[in-house]
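One letter stands for each residue in the lines below.
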Amino acid sequence: MSAGAKKCSLRMQLVKMTSRKLFTATIFLSLLVYIIYIMNFGGVESNTKYFAPEADPYSRHTLQPCSTIHRSDQGETELNKNENGTSVLGSENSSVPRSSKPSSCSSGVDPPSRPDPPNTGQLMAKADGDRQTEVRIPSKTDALSERYPWRINDSSRHPEEVRHVVFVKVHKAASTTLFSVFVKFAIARRLNIMFPKQGHVLSQNEPSLRPVIPHPPSPPFLFDILCNHFVFRHDQIERAFPPDTKYVAILRDPLRRVQSAFYYYTSVFHLRYLKPVRSFKQFIQNQSMFETVSPYISQTNNRMSIDLGLESYYLKDSGYITTFVKRLENKFDLILIADRFDESMLLLKRRLRWTMKDIVYMNLNTHSKKDLSKEKISPETKDKFQRFQRFDVAIYEHFLKKFDQYVAEEGQDFNEELNHYITTLKQINDFCKGRNVSASELVIKPSRWDKQFTLQRSECKILIVEEMKLCAWAKAVQLGRQRHS
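Residues numbered from 1 in each chain as written. Predicted model: local features only at pLDDT ≥ 70, side-chain atom pairs only at ≥ 80, totals over all residues. Heavy atoms only, no water.

Draft legend 1. Inspection of the pairing of strand E6 (residues 334–337) at higher detail. Burial of the side chains of E6 extends over both faces: Leu334 and Leu336 are buried on one face and Ile335 and Ile337 on the other. Bridge count for strand E5 (residues 246–251) against E6 is four bridges, and the pairing is parallel. Bridge pairing links alanine 249 to isoleucine 335 in E6. (Buried < 20%, exposed > 50% of the residue type's maximum accessible area, 1.4 Å probe, protein only. Helix = DSSP H or I, 4+ residues; strand = E, 2+ residues; numbered from the N terminus. Pairing = 2+ DSSP bridges.)

This is the structure we're talking about:
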């Protein structure tokens, strides 16, 4: 071989060796970048890391045991002030209860407090990693921009009221009204609600939770209230709430609930699988034919059971009904009945040791459709319906009996307070609907069950605001308070 050929061969070998080394180095660098990415951002979209205390991507604190929950008194927003500019949710002269600072936390250091933020009309909240997401309070042209105080009278507040509640918001079971009650209760006491990071639904078409907003930045890094739509999974929820949390749900007569869902999802919020159906009667006569989608997507296929945590594969197993009923009995402290809503609210008040003002409401998310009682349903059709909805029918009948037992145990005093509650609701509805426009406040006189309380006209707005707007506003208030705590 000539000298020139040898040189050419050596050059080719050198090029090949260099190419291999570059390829190997490229692969190594790519793997290194991928590992670094996973270590820093791989858990961002995890369904648990957004709220699990042991894996908090937002807080710089590590999980430490603490005897009490520290609530910040800072971070007031414009929405928490009354007409003359003074704060009614946490000012020095406010009657909002404050828990004391932790007396014995393992960290040994209380989180530093910050001064109130300037009233800029917007709040900033940490979203994921170091990225900042802006949460805007609605503009002044929006109905929500008017200030919503919700005052607490210390004189009427029970010293041992329950403040840690998980409420399973069952679809089309008067749950929107209860959502408003829980949000009002939480905001008034500066409690932390587990809100979804986006929208107002934590889970609906799947059993796993969507990402949620940052949990409280101070020990023990737990939420107080959960009241948004979600598919109940106790193992996903319990780690984010204190051990003394009460679990509450609500059920409705299955036939009435399915009728309400059918009309709502065919005339207000259209679901594709219901489009071929011409009438409600046709639907319940042929439900197995029309239920072509996943039970997590359907709003008419044993939806109460699905919302309460029934795995969809059990729907065809009638033998599991008894086990599922026992599951609910073991997990829930109280299951309300939407068909007896006022009794349910009063029972909730007594079990949670709340006040009358905490449970006042105005009907929300109702739509004008003919009553089911006016539709003639044959016994054969009803029997067919009950067989298809066997899980919902079983849990409703079981917990309706338990509800009757709870009410009977309360005695005659319960019925007397119920009459007082209905009268109070009528007074509040008349006042908030402007039938007495000259009055700026409504005074509810004391009774043997509660002390006197006052309702400002500006407080009416939080009773009637639409769910998504209420959720957005409460979320903004809470995030702003956390950021400046």
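Draft legend 2. View of the pattern of salt bridges. Evaluation of the coordinates by the stated rule reveals 19 salt bridges. Measuring nitrogen to oxygen at the nearest pair gives 2.9 Å for the salt bridge that ties glutamate 161 to arginine 163. The pair formed by glutamate 161 and arginine 163 is uniform in burial state, with each residue classed as buried. The salt bridge involving aspartate 404 is made with arginine 340; its shortest N-O contact spans 2.3 Å. On the criterion of sequence distance, the pair formed by aspartate 404 in helix H11 (residues 390–410) and arginine 340 in the loop between E6 and helix H9 (341–352) is long-range, its members being 64 residues apart. Take aspartate 404: its relative accessible area is 35%, and that puts it in the partly exposed class. Bridged by salt links that share partners, the residues Lys349, Arg350, Glu410, Asp413, Glu416, Glu417, Arg448 and Asp450 form one connected network. (Salt bridge = Lys/Arg side-chain N within 4 Å of Asp/Glu carboxyl O.)

Draft legend 3. Representation of the pairing of strand E3 (residues 165–168) in the model. Here E3 shows no split at all, with Val165 and Phe167 on one side and Val166 and Val168 on the other all buried. With two bridges joining them, E3 and strand E4 (residues 225–226) adopt parallel strand pairing. Residue pairing for E4: valine 165 is matched across the bridge by isoleucine 225. Handedness of the crossover is the feature at issue here: the chain leaves E3, passes through helix H2 (residues 175–188), returns alongside E4, and the resulting connection is right-handed. (Right-handed = clockwise from strand over helix to strand, strands pointing away.)

Draft legend 4. Broad picture of a nonpolar patch on the surface. A surface patch of nonpolar side chains, about 310 Å² in accessible area, is lined by Phe23, Ile27 and Leu31. Turning to its location among the elements, phenylalanine 23 is positioned in helix H1 (residues 3–41). (Patch = residues over 30% accessible without salt bridge, like charges linked within 9 Å, V, L, I, M, F, W, Y side chains within 5 Å. Areas by Shrake-Rupley, 256 points an atom, 1.4 Å probe, with all protein chains shown as cover.)

Draft legend 5. Structural detail: the state of the cysteines. Counting across every chain of the model gives one disulfide. The thiol of cysteine 227 is unpaired, and the distance to the nearest cysteine sulfur, on cysteine 471, comes to 8.0 Å. According to the relative accessible area criterion, cysteine 227 is buried, its value standing at 0%. (Disulfide = S-S within 2.5 Å.)

Draft legend 6. Main features of the packing of aromatic side chains. Applying the stated rule across the entire model yields 18 aromatic pairs. Arranged with centres 5.2 Å apart and planes meeting at 25°, the rings of phenylalanine 167 and phenylalanine 182 form a pair that is stacked. Taken together, the positions of phenylalanine 167 in strand E3 and phenylalanine 182 in helix H2 put the pair 15 residues apart, joining distant regions of the chain. Just as phenylalanine 167 is buried, phenylalanine 182 falls in that class too. One aromatic cluster is present, formed by Phe262, Tyr263, Phe280, Phe283 and Phe290 through successive ring pairs. The side chain of arginine 351 reaches across the aromatic face of tyrosine 406, ending 4.5 Å from its centre. A cation over an aromatic ring shows up here: arginine 457 above the ring of phenylalanine 431, its NZ or CZ 4.2 Å from the ring centre. (Phe/Tyr/Trp six-rings, centres within 6.5 Å; stacked < 30°, edge-to-face > 60°. Lys NZ or Arg CZ within 6 Å of the ring centre and 35° of its normal.)

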